[in-house]
Amino acid sequence: MFKSDSFKDQIILVTGGRSGIGFQIAKDFLKLGAKVIICSRKEDQLKSAAEQLMKFGEVSWQACDIRKAEDIQALANMIKEKYKRLDILVNNAGGQFPALAEYINDKGWNAVINNNLNGTFSMIREMANAFFIPQKNGVIVNIIADVFRGFPGMAHTGAARAGVENLTKTLAQEWSDFNIRINCVAPGIIESSGLDNYPKQIQDMFEEAQKAIPLKRFGKVEDVSNAVTFLASPMAAYVTGISLYVDGAQHLNFDKMGLAKVLKSFIS
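First things first, this report covers the structure right here in the doc. (Residues numbered from 1 in each chain as written. Predicted model: local features only at pLDDT ≥ 70, side-chain atom pairs only at ≥ 80, totals over all residues. Heavy atoms only, no water.)

Here we come to the packing of aromatic side chains. A ring pair, where both rings are aromatic, is described by two values, the distance of the centres and the angle of the planes. Summed over all chains, the structure comprises two aromatic pairs. Relative to phenylalanine 29, the ring of phenylalanine 7 lies with its centre 5.0 Å away and its plane at 85°, an arrangement referred to as edge-to-face. Linking phenylalanine 7 in the segment before β1 (11–15) with phenylalanine 29 in helix α1 (residues 20–31), this pair joins segments that are 22 residues apart in sequence. For phenylalanine 7, a relative accessible area of 2% translates into the label buried. Note on phenylalanine 29: relative accessible area 0%, which makes it buried. Centroid distance phenylalanine 148 to tyrosine 245: 5.9 Å. Interplanar angle 80°. Geometry classified as edge-to-face. With phenylalanine 148 in the loop between β5 (138–143) and α5 (155–174) and tyrosine 245 in strand β9 (residues 243–246), the pair connects residues that are 97 residues apart, well separated along the chain. Judged by its relative accessible area of 16%, tyrosine 245 falls in the buried class. (Phe/Tyr/Trp six-rings, centres within 6.5 Å; stacked < 30°, edge-to-face > 60°. Helix = DSSP H or I, 4+ residues; strand = E, 2+ residues; numbered from the N terminus. Buried < 20%, exposed > 50% of the residue type's maximum accessible area, 1.4 Å probe, protein only.)

Shown next as structure tokens:
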């Protein structure tokens, strides 16, 4: 669908770009001619990821905790100094942990909200003010999650991702005067390094759940990256304020209580 120079010389920032979905997004943009900046909190792993990506094109990297305003500002300054502009922002950074709502304490709740909602908003606001609004041009793609019918077992991230989705709808309208398009991609269960972080019982639940997904498979990181690439491209020039679910129709008929049931089994 895309030519090898479809994003030639476009400057693209991918947060959380050191692994999994973010790494694949960065890789695909590089292969399509873009210049990519990746950021995440862990500097050593970020540097290693950048070295792997360099075989596909020009890569820059900088450690950034999206919960810290000073880190985001330093990142914006680096981009401004090196590239003078930013064309596309992909907000992929985030994190969560499985827990039943009654066991999520204030510290855990605030950590996920600060990362997935507040951090995403801070990144959007700073990059818009530094680049997109003055340029009167820009594209933002936010990676959220399957929150269509709630997110049992992940109430904290469900609330945060739903907040990002609503923010996306709001900004698509407010910032249309600046020619800024903003959309969401909502992955289902994706075969990526992120799945390795869950206990075996939850991974087993995912394997069983695969049979209930209408397309009878998990998604691949390439599936998510393809959706991001499309929404960031001129092919989606008249698309803004939407959420594109990349989940094999999982959001329509999937038993959302699977994770919660496994978590309940731990304490019964």
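Looking now at the pairing of strand β3 (residues 59–63). Pairing geometry for strand β2 (residues 35–40) and β3, over five bridges, is parallel. Bridging across to β3, valine 36 finds its partner in valine 59. (Pairing = 2+ DSSP bridges.)

Along its 15 residues, helix α3 (residues 69–83) runs 21 Å from first to last C-alpha, staying within 8% of the 21 Å computed at 1.5 Å per residue. Every buried residue belonging to α3 is among Ile72, Leu75, Ala76, Met78, Ile79 and Tyr83, and all of these are buried. Across the axial projection of α3, the buried residues extend over an arc of 160°, all falling on one side. Turned more than 90 degrees off the buried face of α3, the exposed positions are Ala69, Glu70 and Glu81. Those residues of α3 that are buried lie in contact with β1, β2, β3 and α4 (106–135). Trailing α3 by a residue or two, lysine 84 shows a phi angle of about 75°, which is positive. (Expected span 1.5 Å × (residues − 1). Arc of directions from axis to C-beta. Contact = heavy atoms within 4.5 Å.)

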